[in-house]
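# Structural characterization, general
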2 protein chains.
Amino acid sequence: MRTEIIAVGTELLLGQIANTNAQWISKKLAKYGAPVYFHGVVGDNMERAIKTFEVASERSDVIIVTGGLGPTEDDLTRDAVKPLLKQNLVIHENTLAKIESVYRKNNRQMTTNNRKQALVFEHASVLANAEGMAPGQLVKHDQTLFVFLPGVPSEMKSLMEEHVLPYLIDVFQLESEIVSEMLRFIGIGESTLEHKLEDIIKHQQDPTIAPLAAEGEVGLRLTASGANAKAKIAALKADVLQRVGRYYYGSDDMTIEEKVRDLLKAKGMTLGSAESLTGGKFIERLIALPGASAVCEGGLVAYTAQAKESVIGVSADLIKQHGTISEECAKAMATQAQKRLSVEAAISFTGVAGPDNSEGQEPGVVYIALQIGGQDPIVERHHFEGGRDNVRTRAVKKGYEIIFHHLKK
Amino acid sequence: MRTEIIAVGTELLLGQIANTNAQWISKKLAKYGAPVYFHGVVGDNMERAIKTFEVASERSDVIIVTGGLGPTEDDLTRDAVKPLLKQNLVIHENTLAKIESVYRKNNRQMTTNNRKQALVFEHASVLANAEGMAPGQLVKHDQTLFVFLPGVPSEMKSLMEEHVLPYLIDVFQLESEIVSEMLRFIGIGESTLEHKLEDIIKHQQDPTIAPLAAEGEVGLRLTASGANAKAKIAALKADVLQRVGRYYYGSDDMTIEEKVRDLLKAKGMTLGSAESLTGGKFIERLIALPGASAVCEGGLVAYTAQAKESVIGVSADLIKQHGTISEECAKAMATQAQKRLSVEAAISFTGVAGPDNSEGQEPGVVYIALQIGGQDPIVERHHFEGGRDNVRTRAVKKGYEIIFHHLKK
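Throughout this description, residue numbers start from 1 for each chain and increase along the sequence as written. Lettering for chains starts from A, numbering for ligands starts from 1, and both go in the order in which the items are written. Only residues with pLDDT of 70 or above have their local features reported here, since the model is predicted, and side-chain atom pairs are shown and tallied only from 80 upward, although totals for entire chains, interfaces and linings are computed over all residues. Side-chain calculation: all heavy atoms of the structure are included, whereas hydrogens and water are not.

Chain A appears in an unreviewed UniProt entry as Putative competence-damage inducible protein from Halobacillus shinanisalinarum. UniProt positions are given in the numbering used here, feature names are shortened, and annotations may be inferred rather than shown by experiment. UniProt, in the comment section headed Sequence similarities (unreviewed entry), describes chain A in these words: "Belongs to the CinA family."

Turning our attention to the packing of aromatic side chains. Stacked, tilted and edge-to-face are the three classes assigned to paired rings of Phe, Tyr and Trp, where Trp is represented by its six-membered ring and a pair needs centres within 6.5 Å; plane angles under 30 degrees give stacked, over 60 edge-to-face, the rest tilted. Inspection of the entire model under this criterion finds twelve aromatic pairs over all chains. Taking 5.8 Å as the distance between ring centres and 10° as the angle between the ring planes, the aromatic pair formed by F146(B) and F148(B) counts as stacked. Note on classification: 1.4 Å probe, protein chains only; a residue is buried when its accessible area is under 20% of the maximum for its type, exposed when over 50%, partly exposed between these limits. Note on F146(B): relative accessible area 0%, which makes it buried. Judged by relative accessible area, which is 1%, F148(B) ranks as buried. Aromatic pair F185(B) and Y248(B): ring centres 5.9 Å apart, planes at 65°, arrangement edge-to-face. With F185(B) in strand 9 (residues 179-185) and Y248(B) in strand 12 (residues 248-251), the pair connects residues that are 63 residues apart, well separated along the chain. Neither F185(B) nor Y248(B) differs from the other in exposure class; each is buried. Each residue in the set F121(A), F146(A) and F148(A) is aromatic and connected to the rest through ring pairs, giving one cluster. Criterion for a charge above a ring: Arg CZ or Lys NZ at most 6 Å from the ring centre, at most 35 degrees from the ring normal. If you follow R59(A) out to its NZ or CZ, it ends over the ring of F38(A), 3.6 Å from the centre. A run of DSSP states H or I qualifies as a helix once it reaches four residues; a run of E qualifies as a strand once it reaches two. Both are numbered from the N-terminal end.

This part is about helix 11 (residues 256-267) of chain A. All names here are of chain A. Here, expected helix span is obtained from the residue count minus one, scaled by 1.5 Å. The end-to-end C-alpha distance of helix 11 is 16 Å, a good match for the 16 Å that twelve residues give at a rise of 1.5 Å each. For helix 11, the full list of buried residues reads I256, E257, V260, R261, L263 and L264. Viewed along the axis of helix 11, the buried residues span an arc of 165°, placing them on a single side of the element. In the core, the buried residues of helix 11 are packed alongside strand 12 (248-251), strand 13 (271-275), helix 12 (281-287) and helix 16 (388-407). Positive backbone phi, approximately 60°, marks G268, located one or two places after helix 11. Directions are taken from the helix axis to each C-beta atom, and the arc is the one they span. Contacts were defined at the residue level, with two residues in contact if any of their heavy atoms lie within 4.5 Å.

We now examine the UniProt feature "domain: MoaB/Mog" (unreviewed entry) in chain A. In this structure's numbering, the residues bearing the UniProt feature "domain: MoaB/Mog" (unreviewed entry) are residues 4-171 of chain A. Annotation note: span residues 4-171 of chain A, helix share 45%, strand share 23%, distance between end C-alpha atoms 17 Å.

We treat two strands as partners when DSSP finds at least two bridges between them. Taken together, twelve strands build an open sheet; the order of strands is 6(A)-7(A)-8(A)-3(A)-1(A)-2(A)-2(B)-1(B)-3(B)-8(B)-7(B)-6(B) and the sheet is mixed. Every other strand in the sheet has two partners, leaving strand 6 (125-127) of chain A together with strand 6 (125-127) of chain B as the edge strands with one partner each. Neighbour-to-neighbour, the strand axes of the sheet open up by a mean angle of 15°, direction not taken into account. Relative to strand 8 (residues 144-149) of chain B, strand 7 (residues 136-141) of chain B runs antiparallel, the two sharing five bridges. In the sheet register, K140(B) faces strand 8 of chain B, and the bridge partner there is L145(B). Axes here refer to lines fitted to C-alpha atoms; in helices the fit is confined to the stretch in contact. Angles between the N-to-C directions go from 0 to 180 degrees. Contacts from helix 4 (residues 77-85) of chain A reach strand 1 (3-8), strand 3 (62-66), strand 7 (136-141) and strand 8 (144-149) of chain A, with the element oriented near 165° to strand 8 of chain A.

Right, dumping it as structure tokens:
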């Protein structure tokens, strides 16, 4: 299975975006040991696109094409590959009906251009696009399989996961050659983790073990191959967790937000937030997850001192005495949010996102308080590095870390 | 000057990194109006690399090659291009001396492999690498110019800026810097925009005009070169805005959130939100911007029906009668938020993010209401396509669109 990935779009050749689609697809295929031999990018130019597809069809078994399926003049993928495939383009009625229904639902006028997105090759297997208009297509030509996907990453990914990968796995009998597990830790630094596992990391050969620093957390990738790869990984994982298991929250695609949602669900608890500098980012990350309604009532976002009084109910006296960027204010925010939102647990964030100082305190200073049930609220003071975005993101991550360590007790 | 950029490295084909080098180089060249026609990626495989260079040399005037110049076995760029260039590789003495001195300074043992990095083509112009070991090279072959650069981005960039760009500007007389402006529109679809500008887009040659669809908005890139490029773009922009100016919110790096912040600031207005399915994402995007405190008080996030009553103050009767996913509830949320947050303008979001139906309505159905001052609240019903993330993101974008269209009146 010699695979080639071709992106069509002048925006790539102008450097407006990087070809992250090719990276994503390659990574997926690498997991199955399916080698990708070439990436190519060609612009919205008919002659060069035609030539590119010709070259590809001579050297590759599977050609995955992203982009150029949209409604406009310069979306030329279909027309550029048509001379090679020698197939007519026909309207796919289901797709057309879907496009029409979207326009109807939104009371918008459909133009003739929009019909173009419903054009498919007459012998194509048409793949329904759950995230957008133009469907994916699988088209066989001699010994070569052409896969056409939209260039919008969310649409491309959904079509790959839902249709293309299962098809390739089936037809080419792909088996995951390498077994790998990413252990995810929070609340421990990369160097401390490495130090605690120094002898294991140094002498370990099979499975291999590789640390990886991420935003506010650390990963350890265990990788093995061969017949008993899974057993080898399980044994090494047990060794690792015996030393640093208290910081471990999950593996692979698990996120700390999902872990917190699961812990809340298991305990039948609800959570809410009172947020100043984080502006709702903490609660938004939780509501982003399916099943959030079982564990999340809502949040209070109060960016100004005035709003902290009116929206959250922090007393004017307390703010006058301690300021809003203080242990006392953070505690009051959490306690009040717990009441106003009628939740078992409430977390609060107040601090300085920057770029300027606030109430005489430096950018990066953040207080996070957590109130659970009738216990005294706990509060932590942190000083995060970096710009406005980084401070806010790190504060939210730290919030999830704090809740995680409390809930798993 | 037909340019092609080729990256050599299996790590790209495994998806371990994206080809950001090609993006960076393309962006630089686009500024000088030097068109890039192809990007290619090939792995550390001699046969396929040789073939890739052959194809490139037949269709391009300038071939910029990144990667494969390192000291290890699989760094094969030099050897793969050698049959084509028909030149010997020789040790570049200055480079070798530099490598030896680096090893001496760090008390490290130099291996024979390291000598490999000092190998250059006998007729190459050697470009000193200020950031690393392997130098860059310019090699002419028939009518084609080969440029060899290391794959490490900092080394590649420094060599491009210091040596390659000045050389290309000189040889290809790239004086005419390209001027380009990206016009950003919201509230109009890509196909409708194109339809309204059909004759302009079809007959326009200089400046060129290219539509670009983005998440919930549309861009039009105007590009011109030559002495009066700026004036030509200004004239075309005026033409375009005469037809579709009501959807235009800004150019280049401007975002719709920034535009809304600026409009609020100019009018001395404050904004707040009442959010259900968007979970605080709307207000978070505003608070993410510097200067948010002047225009934003805060937000109320109420994910459950219960929270819509207690946190926002929607009446239980209204929810009983109309449900939470209704015009009436959206309006009440906006009106209540305006009061509770003491803001001039409040926006609300209620709907079904999915994956399951809710209150008998499909995923994607979202009501957005806006209350400004004492006016009657306006409300819109939308039906967004896609998964949970997409529905929530599109809803937030639509919210900014609605506010923008009201504020700019």
